[in-house]
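Structural features, examined
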Amino acid sequence: MEFGSNARRRTAGALAWAMVLCAVSGPAAFAADAQNGKKIALQWCSSCHLVSEDQDTAASVSLPSFFDLSKDESWTEDNLKTFLADPHPKMPNMNLANREIADIARYIDTLTP
Ligand code: HEC
């Protein structure tokens, strides 16, 4: 992929450009990376939320799982990004980068068949 070497330098602004690219060249051009989002979610979110079927930490049953979030139409990828930019009260301040937030939001979006 021609932009591969630039991946790390992509900024949030470049996301829009990547989407344009995606329309032309398919999903590979998306800047957000669901696999990486899953990794971050397992690392940072799985102590409270159920984020994946293969997680080995116990999640709180009273919290929405990422499968719930994915099914819930009010949690769009954009809403999630806005929400995560400002961590919820009980969640540790994890200083997620925009790139990581986008990856998590993409990952959650992929959980709905
Ligand atoms: C320390 C526990 C904890 C961690 C870690 C945590 N959360 Fe949460 N999360 C909560 C709690 C508790 C709520 C319920 C809302 C509240 O009390 O603010 C919540 C609510 C949410 C909601 C809103 C659900 C709804 O329907 O209102 C989203 C989205 C969410 N978390 C995403 C995440 C993501 C993504 C991560 C990882 C980056 C994460 N959370 C990490 C505890 C946590």
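Nothing here was measured: the structure is a model prediction, and the numbers come from that model. (Residues numbered from 1 in each chain as written. Predicted model: local features only at pLDDT ≥ 70, side-chain atom pairs only at ≥ 80, totals over all residues.)

Right, let's get into helix H2 (residues 34–44). For H2, the full list of buried residues reads Gly37, Lys38, Ile40 and Ala41. Projected onto a plane normal to the axis of H2, the buried residues spread over an arc of 165° and lie on a single side. Turned more than 90 degrees off the buried face of H2, the exposed positions are Gln35 and Gln43. Contacts made by the buried residues of H2 are with helix H3 (66–71) and helix H5 (98–110). (Buried ≥ 20, exposed ≤ 12 C-beta atoms within 10 Å, placed from the backbone. Helix = DSSP H or I, 4+ residues; strand = E, 2+ residues; numbered from the N terminus. Arc of directions from axis to C-beta. Contact = placed C-beta atoms within 7 Å.)

A separate point is the nonpolar core. Grouped together as the largest cluster of nonpolar side chains are 16 residues, with contacts concentrated most on Ala41, Phe66, Ile101, Ala102, Ile104, Ala105 and Ile108. Mapped onto this core, the elements with two or more residues apiece are H2, H3, helix H4 (77–85) and H5. Per-element accounting of this core gives the leading share, six residues, to H5. The residues contacting Ile108, other than those within four sequence positions of it, are Phe66, Leu69, Ser70 and Leu80. (Core = buried A, V, L, I, M, F, W, Y, C linked by C-beta atoms within 7 Å.)

A word on the confidence of the model for the protein. Scored by pLDDT, the protein has a mean of 78; 69% of the residues are at 70 or more. Taken element by element, the predicted model of the protein shows its lowest mean pLDDT in helix H1 (residues 12–25) (49) and its highest in H3 (95). In this model, residues 20–29 is a region of pLDDT below 50 whose contacts with residues beyond four sequence positions or in other chains number seven contacts. (pLDDT = per-residue confidence, 0-100.)

Okay, the packing of H2 against H5 next. Describing two packed helices takes the angle between their axes plus the distance from one axis to the other. Contact pair H2 / H5: the axes reach a minimum separation of 7 Å and the direction vectors enclose 100°. On the basis of their axis angle, the class for H2 and H5 is roughly perpendicular. Residues Ala34, Asn36, Gly37, Lys38, Ile40 and Ala41 of H2 pack against Glu100, Asp103, Ile104, Arg106, Tyr107 and Thr110 of H5. When the residues that make up the contact of H2 with H5 are grouped by side-chain class, the tally is five nonpolar, three polar and four charged. (Axes fitted to C-alpha atoms, helices over the stretch in contact; angles between N-to-C directions. Parallel < 35°, antiparallel > 145°, perpendicular 65-115°, else oblique. Nonpolar A, V, L, I, M, F, W, Y, C, P; charged D, E, K, R; others polar.)

What follows covers the environment of Asn36. Structurally, Asn36 can be placed in helix H2. Look at Asn36 and you get partly exposed, because 16 C-beta atoms sit within 10 Å. In the structure, Asn36 is positioned 67 residues away from Asp103 in sequence and 6.2 Å away in space, judged by C-alpha atoms.

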